[in-house]
Structures are given as C-alpha cells and as structure tokens.
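Here's the letter readout for the chains.
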2 protein chains.
Amino acid sequence: VPAAAPIAPIAITQGDSAGIGPEIIVRAFAEAPEALRGCFVVGALAVLRRAAAVVAQARGSRQAAVLTRLHGVAELAQVPHNTLPVLELPGLGAPQPWGRVSAQAGQDAARCIAWAASAALRGEIAALVTAPINKAALHAAGLPFPGHTEMLQDAAARHAGVPVQRMPVRMLLASRELRTVLLSIHVSLREAIRAVTQPNIVETLHITHKALQRALGRAPRIAVAGLNPHAGEGGLFGDEEEKIIAPAIAQARALLPGLDASGPFAPDTIFWRARQKDGHGGELGEFDVVLAMYHDQGLIPVKYGGLEHGVNVTLGLPLVRTSPDHGTAFDIAGRGVADARSLIAAVRMARSL
Amino acid sequence: VPAAAPIAPIAITQGDSAGIGPEIIVRAFAEAPEALRGCFVVGALAVLRRAAAVVAQARGSRQAAVLTRLHGVAELAQVPHNTLPVLELPGLGAPQPWGRVSAQAGQDAARCIAWAASAALRGEIAALVTAPINKAALHAAGLPFPGHTEMLQDAAARHAGVPVQRMPVRMLLASRELRTVLLSIHVSLREAIRAVTQPNIVETLHITHKALQRALGRAPRIAVAGLNPHAGEGGLFGDEEEKIIAPAIAQARALLPGLDASGPFAPDTIFWRARQKDGHGGELGEFDVVLAMYHDQGLIPVKYGGLEHGVNVTLGLPLVRTSPDHGTAFDIAGRGVADARSLIAAVRMARSL
C-alpha cells in the first residue's frame, strides 16, 4: 500500500446527539473508509462512543468502532488506520436520551457547527459536512437560528465584516444523477410564486455559476425551468416566463459574461433532460444544474431518484458545506439501523467541491 | 403455434397525417407484433402506406409493411399474419405535407376519433388508442374542440343523453413505474392553486377509484399529494392541506365506502414512495396511484422516468382511451425515425384496462 497522499481535512459535525447523526457518522466511517479518508468528527467522544456501541450491536459485532481523540486538525495525518478521529470541543454535554428534543443537544450541535464554520472560514479545513440537527432543540437552547444555513450565513457575514443580507445563499440539492438549485425553499406555493422575481433569479444564477464553476473547472450549463405547465405555452397558461424569467436570464447574462444559462424550459421535461443517466444505460445530461422555480419542482425529481443519495449543498458562502438530505429521524434514533448513504454522498460531494 | 385466442379489438386512430402518428403506428406493429395483436388502424390506406414507405426507408428495408384493408371490425380475425389492418373511413383526404398545419389533416383526424369513440361506446371495440393530433389543425378545420379529451367527452355525453358537464374526466399519466392523476391540467400555476378545491378533489378521487378498480380488480391505493412543501409542515407553509385537502379526503371516503385514499403527503417524497421500483432493484410501490395537485407535480416524476414510456389515459368516460404522451413532432415527421415506444406502452395500457 503506498503512503497515503496528503488530503485536505473535512470536518463532520456530530449533529443532534438525540438523533441519528452520530450513528450515521459511525456507519459512514465503517462502510466507506476510502470516501471518509481525511474526515474527522467535531463533537463529544461520549456521544460518538454511544453511537459506535449501538451500531456494533445492530450489526451483531462484538467490536465497536475505535475512536481516536484529536487535539487539533494537524494531528489528522497521524490517526491510526481504521479508527474514527474525533476532535472533542471542551464543555460539550453528555449524550442526550434518544429521540427526544433536548436543549443540551441543540446547544452542543450549534457549538460544533460554529467551530467548524470558523475553521472553514480560516481555511483550516476544506469543507464541513453537517449531520442533522433538530429545529425544536435549537429553539429550546435559546438560539436565534432555525437551521444550519442561517448559522453559517451569520458566521460568514461576521467573518467578512458585512451585514448578513450581503451574504445571500441558495440551496442546491443533488442526487447521483441531477443537481437542482431552488429559487425559494420553505414557503407556501403561493408565496413561492411571489418569489419568482427578476432580482431573485439573477442573484441565484450568479451564485450558482460561481459555486459550480469552482467545482467543475468551467462554466456550468444552467437550465432555468419555467414556472407554469409547458413554460406557459407562449403565454396561454401564465406569463411569468415572458415577463420575468426570460428577461432575468438575459439580464444575468449581460451582467456576468461567461454565464451559460438558458431557458425557461418546460418544467415537466427539463429535469429528465438534465439527468445524467436515463435509467436504461443511456446518457442525457444536457445541463449541469437546473434552476427550479420552487421547492417541490426541484425536490420531486431529486428524491424520485432515491432518497438515500440526496445531498444538500449551501451555495453562496465563502466555505463549502454539504449535508445529507434527511433529518434527525428521532423515530429510529438509537437503533443503529439508520442509512448512512446520504451522509457518505454528502462527504463525496464536499470533496468534489 | 396454438390457434390465436380471440382477443378484444382495439382501434388506433391515425392522428394528424402531417405528423409522426402514422409512422409510429407502422413501427409499433413491426416492433411489438405481440402487443399489437387485436389492434387495427382507423384511417386512410394512403396515409398508412406513405408512413410504411418512410419507415422502410429509414430502416434500410426494401419491403415496406403490408396493409390489409378491413371492411368491418369483424374481419379482424381473418387478417393475415404480419400485416397491418386498416379500417378506411370513406371520404378521408390524401396524406398531407409532412410537418405542416393542415385543415384537411385536422378534419380527417377528428373523423377517425369520432368513429372510434362511437364504436367504443357501442361496445364494438374494447378501447381506443389515439395517435397525436395537432390543435392548430383542428382549429383550421373549424372544429370546436381543442383536443381528444373534449371530443371524447362530447361523444360520451351525447351517447348517454346527458350534458357534457355530467361527463367529468381526469387525465392519468403513467410511466412504467408510476401512475398519477392530475387535479388540473393546462392552466397557469396560479390558477392550478385555485383549482385545489374540495369538490374537485372529491370528484377526482371518485373517478380515479372507479377507473382503476376496474383495471386492478380491487380498490386502488390512492395517495393524495399536498400542495405546499412538506405538505404545509403543519400549517407553517400554507394551509390548503388542513383546510381543503384533508377534509376532501375525509368527505370522499364518507361518500364512497371502500375508497382507499390517504394523505395529504409531502409532495417531494410521495412519488418516490409510489414508484414501483426504486431504480436499484428494490421494490417500493406503496401506492397504486398518486393524485397530484397540479400538472407539473405529477408530470415531472412520470417524465423523469423516461419520456419514451409515458402513457396518457382519460379517466371518467364510459370507454377506455389511452394515448402516447407526446405530440405530432412536426420537426421530425416523415423521416421514419420517431420512437414508437410510447404508443406501444399506450396499447399495452389500453389492454390492461
């Protein structure tokens, strides 16, 4: 075996200790050691130790994963093979009861994220991959953020010395076959239609272009979906395509030379056209990413390809952050059976970015 | 070879003679003779002959498909093997120039549909499968119908002696893996939200139940999708789920004992849950059909699975009608290269209903 090449470190935050986060981290290290090379966990040794025990039990193994305590990122190169490196932050609480909302778990999850965000902004790590957290636990801990995105946005804005409004982000969802960026996320469909504005589309196209250009080494081919059936069929079923989306694409191109964005395309076929494989051994992949006009337009095709491969990427920040596309799954936490594939896919995606 | 079992006749209408309809009919008979057993074309011999010639040329074959002229449906049993039976309606026009809107082609297409609808309503044929027509051609022919559905609705209402409003229809789209029924079709997304009403959902559930119960021999398991992301997340992102969709499901159940309808479910995962195969050899198929709240919600996952297998079924009429899920494709008509798989899938679907 040749000596391992130096590899940029990636931090995986432990997530909510009452959820499946710690378990899927343990499983990911066991199931995909190659993909996890260069990764370490930011969390509490006791939390990871408990997770390792339930995973070993679920697998019928007497030997639980062995943890190695890191005192700093630089020690990562010296971690013994086949052990799970944990950088323990001082003062984290004990593991919390499985499947229950806990202020302590929320507080600890947030501290790990804050540490990793800061390390990424300082350039000490190449990326962060975040295990799932619980909104109610964050709220119980008195934290003013509903989720990861807002926490990272805040950290990045402070680091850059700008107001948080100057740090716009967008969510990219990816399966093995498809990437999609969402114009809006957690709002009603009625509100999502109101979010289809020219400035929003222009900003989203620019964020998407910049983030994927870094990853692909060339301008990404961006397809913009329409809002209405058949992209409005020439104005017969809605005029947002003609009045908002097409002018926004033109404006975005004029403002950013090199932007490769086209559309608006009929929503019902554009995701199929952008799909990397057609499911029968054929290749499509006309585009690198589809800009979806609302949450479900993009999420339905990504998830249709298999929930276990969904990855969530935050675009727009001066750091790389990915996460599995699922939650804390309190209903099955503590059984050691949660599926780690989405987390493994998130690690691979972080590496590719 | 045992003598062919008697098989219920299915009529395939020729569609617009300037489009790919006649060609894909010829290809379907050549590529899937078993599936097409018991089928015959309603159209003009000259139109099918021209299509057979271009298909033969595209395949590099010197021998074009042989047509057999039928003088009535009863003759179908005597049709020589490996020939393409055509029931020619009197007075149809000559084949029209490829790829151009033609009043004659519109008029002829409509006459074939009217004949087949009438034969189906009389019980002379088991089903009709319709090759694509062109809206502009129908309009040029002075016909008051924008498409097949309205024509069939009108014929069925006349046959039943009721006003057309008493013959409500819904569109079901099916791929090899997924069936979805649409609450509304060709309206803007804004208008589609307005079509999410309790009476519309109740009626759609009843139509879907009755049509698929006949096909499956049991109550279909119907999943109802939500309208908003995460089905509204308990009212946080929209209240249509709580105020309209859930009460409609309850009312539909109360009015029709035996109805197996549940939801509303998060739109981004319900199509994956209803998918018959997970794409990795696994089986899901929790539901037989998903009621989609708007056009693209249902069409995106159906088409994502592969355009070439999409089938369109009209539910609610006292006849079985299916069609391929594509149009006349004027841009490639006359080249003999159009893909017949969607038409073949439509024939199989008609047989199964």
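In what follows, the structure referred to is the one given above.
Keep in mind that what you see is a predicted model, and the values were worked out from it rather than measured.

Moving on, we get to the relation of the copies chain B and chain A. Note on the identical chains: chain B maps onto chain A by a rotation of 180° and an axial translation of 0.0 Å, with an RMSD of 0.0 Å. This pairing of chains is accounted for by a two-fold axis. When each C-alpha of chain B is compared by its distance to the rotation axis, B:Pro301 comes out closest, at 2.9 Å.

With that settled, consider helix α8 (residues 240-255) of chain A. Across its 16 residues, α8(A) extends 21 Å between first and last C-alpha, which sits within 8% of the 22 Å expected from 1.5 Å per residue. The complete set of buried residues in α8(A) reads A:Glu240, A:Glu241, A:Ile245, A:Ala248, A:Ile249 and A:Ala252. Of the surrounding secondary structure, the elements contacted by the buried residues of α8(A) are α6 (189-194), α7 (198-216), β8 (221-225) and β9 (260-265) of chain A together with α7 (189-194) of chain B.

Moving on: the packing of α7(A) against α8(A). Residue and element names in this part refer to chain A. Where α7 contacts α8, the two axes come as close as 8 Å, and the packing angle between them is 45°. When the axis of α7 is compared with that of α8, the two are oblique. For the pair α7 and α8, the sense of crossing is right-handed. Residues Gln-198, Ile-201, Val-202, Leu-205 and His-206 of α7 form the contact with α8, whose participating residues are Lys-243, Ile-244, Ile-245, Pro-247, Ala-248, Ile-249, Gln-251, Ala-252 and Leu-255. Here the residues of the contact of α7 with α8 sort into 10 nonpolar, 3 polar and 1 charged.

The next subject is the nonpolar core. Formed by 198 residues in total, the largest nonpolar core has its most connected members in A:Leu205, A:Met293, B:Leu205 and B:Met293. Setting aside residues up to four positions removed in sequence, A:Met293 forms contacts with A:Leu183, A:Ser184, A:Ala192, A:Val196, A:Ile201, A:Val224, A:Ala225, A:Gly226, A:Leu227 and A:Ile245. Judged by nonpolar contacts, the second largest core, of 34 residues, contains A:Leu178, A:Leu182, A:Val302 and B:Leu299.

This part is about the environment of B:Glu75. Residue and element names in this part refer to chain B. Among the secondary structure elements, Glu-75 is positioned in the loop between β3 (67-70) and β4 (84-88). Taking the C-alpha atoms as reference points, Glu-75 and Leu-212, 137 residues apart in sequence, are found 31 Å from one another. Only 3.0 Å separates the side chain of Glu-75 from the backbone nitrogen of His-71, close enough to count as a polar contact.

A few words on the sheet that holds strand β12 (residues 321-324) of chain A. All names here are of chain A. Across the sheet, which stays open at both edges, the 12 strands sit in the order β3-β4-β2-β1-β5-β12-β11-β6-β7-β10-β8-β9 with mixed pairing between neighbours. Across the chains shown, the open sheet's two edge strands, defined by having one partner strand only, are β3 (67-70) and β9. In this sheet, neighbouring strand axes are inclined to one another by 30° on average, regardless of whether the strands run parallel or antiparallel. Inspection of the sheet shows β8 paired to strand β10 (residues 289-292) by 3 bridges, in the parallel sense. Paired with Ile-222 across the bridge in β10 is Val-289. Against the sheet, helix α5 (residues 148-160) contacts β5 (127-130), β11 (311-315) and β12, and its axis sits at roughly 170° relative to β12.

For side chains bearing opposite charge, pairing can occur when the charged atoms are close. Per the counting criterion, the structure on display carries 32 salt bridges over all chains. B:Arg190 serves as the salt-bridge partner of A:Glu240, at 2.9 Å between the closest nitrogen and oxygen. Taken as a pair, A:Glu240 in helix α8 and B:Arg190 in helix α7 lie in two separate chains rather than in one. A:Glu240 sits in the buried class, given a relative accessible area of 5%.

Let us now look at the packing of aromatic side chains. Residue and element names in this part refer to chain B. If you walk through the whole model with that rule in mind, you get 5 aromatic pairs over all chains. With centroids separated by 6.2 Å and ring planes inclined at 80°, the aromatic side chains of Phe-40 and Trp-115 adopt a geometry described as edge-to-face. One end of the pair, Phe-40, is in strand β2 (residues 39-43); the other, Trp-115, is in helix α4 (residues 103-122), with 75 residues separating them in the sequence. Among the residues examined, Phe-40 registers a relative accessible area of 0% and is labelled buried.

Further remarks concern the environment of B:Pro229. Its location among the elements puts B:Pro229 in the loop between β8 (221-225) and α9 (240-255). Look at B:Pro229 and you get buried, because its relative accessible area is 4%. Residues B:Pro229 and B:Gly91, 138 residues apart in the sequence, show an inter-C-alpha distance of 54 Å. In this view, B:Pro229 contacts A:Ile185, A:Val187, A:Ser188, A:Leu189, A:His295, A:Asp296 and B:Phe237; residues no more than four positions away in its chain are not counted.

Another point: the interface of chain B and chain A. Think of interface size as the accessible area that goes away when the parts come together; that is how it is often given. At the interface, 38 residues of chain B touch 38 residues of chain A. Overall, the association of chain B and chain A removes approximately 3600 Å² of surface from exposure, summing both partners, and the carbon and sulfur fraction of that is 62%. It is B:Asp268, B:Ile300 and B:Tyr304 that lose the most area in chain B upon contact with chain A, and together they represent 22% of the buried surface on that side. For the pair chain B and chain A, the interface holds 4 salt bridges. Across the salt bridge formed by A:Lys303 and B:Asp268, the nearest N and O atoms sit 3.4 Å from each other.

Residues and elements named next belong to chain B. Closest axis-to-axis distance for the α4/helix α6 (residues 148-160) pair is 10 Å, and the angle between their directions is 40°. Taken together, the axes of α4 and α6 lie oblique to each other. Where α4 crosses over α6, the handedness of that crossing is right-handed. Across the interface between the two elements, Ala-110, Ile-113, Ala-117, Leu-121 and Arg-122 from α4 touch His-148, Met-151, Leu-152, Ala-155, Ala-156 and His-159 from α6. Tallied by class, the residues present in the contact of α4 with α6 amount to 8 nonpolar, 2 polar and 1 charged.

In this section: the side chain of A:Ser102. Residues and elements named next belong to chain A. You can see Ser-102 is positioned in the loop between β4 (84-88) and α3 (103-122). Residue Ser-102 is classed as buried on the basis of its relative accessible area of 8%. Separated by 3.1 Å, the side chains of Ser-102 and Gln-96 make a polar contact. Setting aside its immediate chain neighbours within four residues, Ser-102 contacts Gln-96 and Ala-137.

All names here are of chain B. Taking 1.5 Å of rise per residue, 13 residues should cover 18 Å, and α6 covers 18 Å from first to last C-alpha, within 8% of that figure. Residues of α6 that are buried: His-148, Thr-149, Met-151, Leu-152, Gln-153, Ala-156 and Ala-157. On its buried face, α6 sits against α4, β5 (127-130), α5 (135-140), β11 (311-315) and β12 (321-324). Backbone geometry just downstream of α6 places Gly-161 in the positive-phi region, at approximately 70°.

Reading the values: rules and limits
Along each chain, the written sequence defines residue order, and numbers are assigned to residues from 1. Throughout, the order in which chains and ligands are written sets their labels, letters from A for the former and numbers from 1 for the latter. The predicted nature of this model means local features are confined to residues of pLDDT at least 70 and side-chain atom pairs, given and counted, to a pLDDT of 80 or more, with totals for whole chains, interfaces and linings taken over all residues. Side-chain descriptors were evaluated using all non-hydrogen atoms of the structure, hydrogens and water having been removed beforehand. C-alpha atoms of residues with pLDDT of at least 70 in both copies form the basis for the least-squares superposition of the copies. Secondary structure elements follow DSSP: runs of H or I no shorter than four residues count as helices, runs of E no shorter than two count as strands, and numbering proceeds from the N terminus. Each helix should span, by expectation, one fewer than its residue count multiplied by 1.5 Å. Whether a residue is buried, partly exposed or exposed follows from its accessible area with a 1.4 Å probe, protein chains only, as a fraction of its type maximum: under 20%, in between, or over 50%, in that order. Contacts are residue-level and defined by heavy atoms, with any inter-residue pair within 4.5 Å sufficient. Between N-to-C directions, angles cover 0 to 180 degrees, with each direction set by a line fitted to C-alpha atoms, over the stretch in contact for helices. Any angle that is under 35 degrees is reported as roughly parallel, and any over 145 degrees as roughly antiparallel; angles of 65 to 115 degrees are reported as roughly perpendicular and all others as oblique. Note on convention: the crossing is left-handed when the near helix lies turned anticlockwise from the far helix by less than a right angle, right-handed when the turn is clockwise. Classes in brief: Ala, Val, Leu, Ile, Met, Phe, Trp, Tyr, Cys and Pro nonpolar; Asp, Glu, Lys and Arg charged; the others, Gly included, polar. Among the buried residues, those of types Ala, Val, Leu, Ile, Met, Phe, Trp, Tyr and Cys that are joined through side-chain atoms within 4.5 Å form a nonpolar core. Between N or O atoms, a polar contact is any pair within 3.5 Å; within protein, one atom must be a potential hydrogen donor and the other a potential acceptor, and residues adjacent in sequence are included only when both atoms are from side chains. Paired strands are those between which DSSP finds at least two bridges. Only one rule defines a salt bridge in this text: a Lys or Arg side-chain nitrogen within 4 Å of an Asp or Glu carboxyl oxygen. Ring pairs shown here join Phe, Tyr and Trp side chains whose ring centres sit within 6.5 Å, with only the six-membered ring taken for Trp; geometry is labelled stacked below 30 degrees between planes, edge-to-face above 60, and tilted in between. Buried area, as used here, totals the accessible surface that two parts lose on assembly, with accessibility defined by a 1.4 Å probe and the loss added over both.

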